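Summary of the model geometry
Take a look at the letters that make up each chain.
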Amino acid sequence: MDEAKATILIVEDEPALRELLSLALALRRAGYRVEAVADGPAALDWIRDRKPDLILLDVMLPGMDGFAVCRRLRTLWPLRTVPILMLTAMGRIEDKLQGIEAGADDYLTKPVAIPELLARVKMHLRRSQREQATNPLSGLPDNPEIEAEIRRRLSEGQPFGIAYIDLNAFKAFNDRHGFREGDRVLQRFAHLLQEGEPAQDFLGPIGGDDFVLLTRPHVLSPVARHVLERFPEVVQAPELSVSIIGGVVNPTPAHPPPPLVG
């Protein structure tokens, strides 16, 4: 991600239109791409097909407030490293703590001072870049996080779907066309695997061209069909194909939780 070309999503309701326009104008003048939606459901719809580099999230939203929206966003694995800055007229420490507990990275009190906003945005984008540097091609978690997530799901004792996804003939493709074209394929393939709304899903690479998907049991087959159907259009590499092997894990907790003591 080029910091100067980062996409910023502003989630702000209509009564604050004047401030919204002021924030958007300042960010665009600083070189950022800016998108804006009016409420939480609209933000979730926007994110279903795209991934912002940073989110400015108002607390006082109609229906689903900003805290609820933030918690919902943090269930989406592709957004785990996307900075969320909450905006509010409420300056109490309790409100700030509630925002942090919901998963926000920072908290700005209205009216927002534009120089401070730009400084915070730049700081959080830089931090996000560092976090993604371990896997810059896909932006996905690496092996330690994958192993930790599998262990967490096993310990919870709830069924989950797991799929092993492999790009066939990728090494030969890489040798024939070069690493730059191979990287392009991997980026497009990773984007395909993240299409839709991956709530409660987890995706990570376990090798150069192998991925593991953890998801809910009932969506494992639809996700696999979607990947197979969309693969030729998205990846645009006729020499390549994709294989998916998966199933449902139904773990039994090794140690049941202790009884509650009243």
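Everything below is about the structure shown above.
Everything in this summary refers to the structure shown in the same document. (Residues numbered from 1 in each chain as written. Predicted model: local features only at pLDDT ≥ 70, side-chain atom pairs only at ≥ 80, totals over all residues. Heavy atoms only, no water.)

Attention now moves to the pattern of salt bridges. Following the criterion strictly, the structure yields 12 salt bridges and no others. Between Glu 116 and Arg 120 there is a salt bridge, and its shortest N-O distance comes to 2.6 Å. Of this pair, Glu 116 and Arg 120 are both found in helix H5 (residues 114–132), 4 residues apart, which corresponds to roughly one turn of the helix. Judged by relative accessible area, which is 35%, Glu 116 ranks as partly exposed. Looking at Arg 120, the relative accessible area reads 21%, which means it is partly exposed. With a closest N to O distance of 2.6 Å, Arg 153 and Glu 149 form a salt bridge. Of the two residues, Arg 153 and Glu 149 both sit in helix H6 (residues 143–156), 4 residues apart, roughly one turn of that helix. Both residues of the pair, Arg 153 and Glu 149, count as buried. One salt-bridge network, in which partners are shared between bridges, spans Glu 149, Arg 152, Arg 153 and Glu 156. (Salt bridge = Lys/Arg side-chain N within 4 Å of Asp/Glu carboxyl O. Helix = DSSP H or I, 4+ residues; strand = E, 2+ residues; numbered from the N terminus. Buried < 20%, exposed > 50% of the residue type's maximum accessible area, 1.4 Å probe, protein only.)

For the structure on display, the rule yields 2 aromatic pairs. Ring centres 5.4 Å apart and planes at 75° place the aromatic pair Phe 189 and Phe 211 in the edge-to-face group. Of this pair, Phe 189 sits in helix H8 (residues 179–193) while Phe 211 sits in strand S8 (residues 210–215), and the two are 22 residues apart along the sequence. Like Phe 189, the residue Phe 211 is buried in the burial classification. The interplanar angle of 85° and the centroid separation of 5.7 Å between the aromatic rings of Phe 189 and Phe 231 together place this pair among those described as edge-to-face. Linking Phe 189 in helix H8 with Phe 231 in helix H9 (residues 220–235), this pair joins segments that are 42 residues apart in sequence. The same class applies to Phe 189 as to Phe 231, namely buried. (Phe/Tyr/Trp six-rings, centres within 6.5 Å; stacked < 30°, edge-to-face > 60°.)

With that settled, consider helix H4 (residues 93–102). Residues of H4 that are buried include every one of Asp 95, Gly 99 and Ala 102, and no others. Summarising the axial view, the buried residues of H4 lie within an arc of 65°, below the 170-degree limit, and thus occupy one face. Opposite the packed face of H4, turned more than 90 degrees from it, sit the exposed residues Ile 93, Ile 100 and Glu 101. Count one or two residues on from H4 and you reach Gly 103, which has phi positive near 115°. (Arc of directions from axis to C-beta.)

This part takes up helix H3 (residues 66–73). Gly 66, Phe 67, Val 69, Cys 70 and Leu 73 are the residues of H3 that are buried. Projected down its long axis, H3 shows its buried positions confined to an angular sector of 160°, all on one face. For H3, the N-terminal capping position is held by Asp 65, with its side-chain oxygen 3.1 Å away from the main-chain nitrogen of Phe 67. (Polar contact = N/O pair within 3.5 Å; in protein donor to acceptor, adjacent residues only side chain to side chain.)

To continue, consider the sheet that holds strand S1 (residues 7–11). Backbone-to-backbone hydrogen bonds pair the strands of a sheet. The strands run either parallel or antiparallel. The parallel open sheet is built from 5 strands, whose spatial order is S2-S1-S3-S4-S5. This sheet does not close on itself; its edge strands, each paired only once, are strand S2 (33–37) and strand S5 (106–109). The mean angle between the axes of side-by-side strands here comes to 20°, regardless of whether they run parallel or antiparallel. Summarising the sheet, strand S4 (residues 84–88) and S5 pair through 4 bridges and their orientation is parallel. Counted as the bridge partner of Met 86 is Tyr 107 from S5. (Pairing = 2+ DSSP bridges. Axes fitted to C-alpha atoms, helices over the stretch in contact; angles between N-to-C directions.)

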